[in-house]
Amino acid sequence: MTAINLDHLSANPLLPEVKDAMIEAIRADYGNPSSQHRIGDRAAEALDAARQSVARLINSPTSKEVVFTSGGTESVNHAIKGVALAHSDRGKHIVTSNIEHNAVLRSLRRLKLLDFKVTSVPVDEYGRVNPADVAEAVTDQTILVTIMHSNNEIGTVQPIEEIAAVTRERKVIFHTDAVDSVGVIPVDVQKLGVNLLSFSSNTFYGPTGVGGLYVRRGTKVWPLLDGGVQEHNKRAGTENLLGIIGMGVAAEAALRDMDRRIAHASGLRGKLMETLPQYVNGFIFNGHPEEVLPNLVSVSIKYVEGESIVLMLDDEGIAVSTRSACAAGALQASHVLLSIGREFADAQGTLVVSFGLENTEEDVIRFLEALKGTVKTLREISPLYNGEAVNE
Amino acid sequence: MYSETVMDHFRNPRNVGVIKDADGVGEVGNPLCGDMMTIYLKIEQERIRDIKFQTFGCGAAIAVSSMLTEMAKGKSLADAKKISNRDVAKALEGLPKNKLHCSNLGADALHQAIQDYEARISGKGKAEPKRKETHEHTHGDKCYCPYCDAEVPEGETFCSACQNDLVEIH
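Residues numbered from 1 in each chain as written. Chains lettered and ligands numbered in written order. Predicted model: local features only at pLDDT ≥ 70, side-chain atom pairs only at ≥ 80, totals over all residues.

### What to know about the packing of helix H2 (residues 38-57) of chain A against helix H9 (residues 241-279) of chain A
Each packed pair of helices is defined by two parameters, the angle between the axes and the distance between the axes. Residues and elements named next belong to chain A. It is the contact of H2 with H9, at a shortest axis distance of 8 Å, that shows an interaxial angle of 35°. The hand of the H2/H9 crossing is left-handed. Along the contact surface, H2 presents Ala43, Ala46, Leu47, Ala49, Ala50, Ser53, Val54, Arg56 and Leu57, while H9 presents Leu241, Ile244, Ile245, Met247, Gly248, Ala251, Glu252, Ala254 and Leu255. For the contact of H2 with H9, a count of residues per class yields 14 nonpolar, two polar and two charged. (Axes fitted to C-alpha atoms, helices over the stretch in contact; angles between N-to-C directions. Helix = DSSP H or I, 4+ residues; strand = E, 2+ residues; numbered from the N terminus. Left-handed = near helix turned anticlockwise from the far one by under 90°. Contact = placed C-beta atoms within 7 Å. Nonpolar A, V, L, I, M, F, W, Y, C, P; charged D, E, K, R; others polar.)

Encoded structure:
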């Protein structure tokens, strides 16, 4: 029985063409793009080509607005701390939402130790931010609004354009964490109207250890890393050229195949959501019914705990992810699930299924069959289960 | 992450279920901290003749419950009271540090079930189930930061070792 990977949010395999390009790059013995000689020129050309590919993926008007980083986490840290440091003379207030990724939460936590004030706006039952709440939270001290493009646990996509209208009017810098969106759904920085946008290569089958930060021209951001003048003086350090070349090829493929990938993932998502009731009862789907990533299903299964489900499914060769506190090691239920109104116990039984290019409808059915047995076994052990489970 | 013994008890948990006419019942934990555990005892001549459990929780919590029931079965009440959380974790060949709180649940549930039995036979009637509301009251042993493994005091919301929040900011 072959293994089934339904946890693509944790890691995506490299596309064959990405592997080829990276192996070729290793063989090419690229030099340093900053060098003044021919060896350096060749490297600089490869770097520039990758930057243009990535810029096209997010429809950045010029590739100069793309800064390569070590991944989504660095991009987010750079955007938030870089804006805070560059604009603290103007104000020390930042607006965010209740369901951000830890990269955002912990960056803000760090800034709070430096006397920054943070206002976090709530989300509705589907995990959507109301732009009016953002407008209300912005004060004359606000220097930054940071709201994620899509959520990594429930897939809900935020009304970024409408929030950008607010920040434009109030002349506040707007950053969006688009790590789970870029390369998966169309992301157009010009249409969105954001100043800063974070993304990651592995989301679209490029290598890990590389990502990007879109910085709209004129947006003042301090670098996190000081040193040389690489990345238009925004991020010092000799570039991770192998990774960047891989990311460039992955970006080309993502743009070329996006419609096909969305149709494929949406098909599997629909199949899972339609068919689940035939296998398991007592569950709640999380996330917005329409404004949602196509490659993710978040479902809370009542009376059972997520890590136990993950371990049992793993024994059957099926990889999924959970948002149970126990599995995260944090001993706390997910702040995202609590923010959309899930009970503690239901949050504990939450699975995140994320599809990839190789998945088939057969994989979905095999997952559901295995899930049925797993849930039955665990409910027999559970003190919360009294023999009945109804869907909400 | 888990030892072979933990995985064995997780995959094939021993003594799962309910004893309908139990002589003592112990309930600990709450979904807030991740786990809930119920232990049922059948006592004969001050000895645990039968023991069953129900657990809502992670792999470690289920394995701890299973191991605990194996250790307690057949023991005199005096000996069963001596079973500590540490003994259970040791019998499981260790647990990841941030899962030690799961083992705390196990012995606590057993001790509560025994207390419940003793209250019943002393004529005080059935003790109220002790499903407490907060993490800090459900078990007494040490807690560890899930991020850096440093020991943190019960109820602490900030790890001074790694400067991380143990409760997310809002």
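### Quick look at the sheet that holds strand E7 (residues 196-200) of chain A
Residue and element names in this part refer to chain A. Here seven strands make up an open sheet; going across it, the order is E2-E8-E7-E6-E5-E3-E4 and the pairing mixed. Taken across any chain shown, the strands that pair with only one partner, and hence form the sheet edges, are strand E2 (66-69) and strand E4 (117-121). With strand direction ignored, the average angle separating the axes of adjacent strands in the sheet is 20°. Taken together, the four bridges between strand E3 (residues 93-97) and strand E5 (residues 142-146) define a ladder with parallel strand orientation. Within E5, the position partnered with Ile94 by the bridge is Leu144. Across the sheet, helix H6 (residues 160-170) touches E5 and strand E6 (173-177), and the angle it forms with E6 is around 160°. (Pairing = 2+ DSSP bridges.)

### So, the domain arrangement of chain A
Residue and element names in this part refer to chain A. Looking at the assigned domains, one finds that chain A contains domain 1 (4-11 + 258-381) and domain 2 (16-254). The gap between the C-alpha centroids of domain 1 and domain 2 is 28 Å. For the side of domain 1 that touches domain 2, the secondary-structure elements that each account for two or more residues are H9, strand E10 (296-301) and helix H12 (335-339). With four residues, H12 is the largest single contributor of residues to the side of domain 1 that touches domain 2. Of the residues belonging to the side of domain 1 that touches domain 2, the class tally is 12 nonpolar, nine polar and two charged. (Domains from an automatic or database assignment.)

### Notes on helix H1 (residues 4-11) of chain B
Turning to H1 of chain B, its buried residues are Val6, His9 and Phe10 of chain B. Viewed along the axis of H1 of chain B, the buried residues span an arc of 105°, placing them on a single side of the element. Close packing links the buried residues of H1 of chain B with helix H10 (306-315) of chain A together with helix H2 (59-72) of chain B. (Buried ≥ 20, exposed ≤ 12 C-beta atoms within 10 Å, placed from the backbone. Arc of directions from axis to C-beta.)

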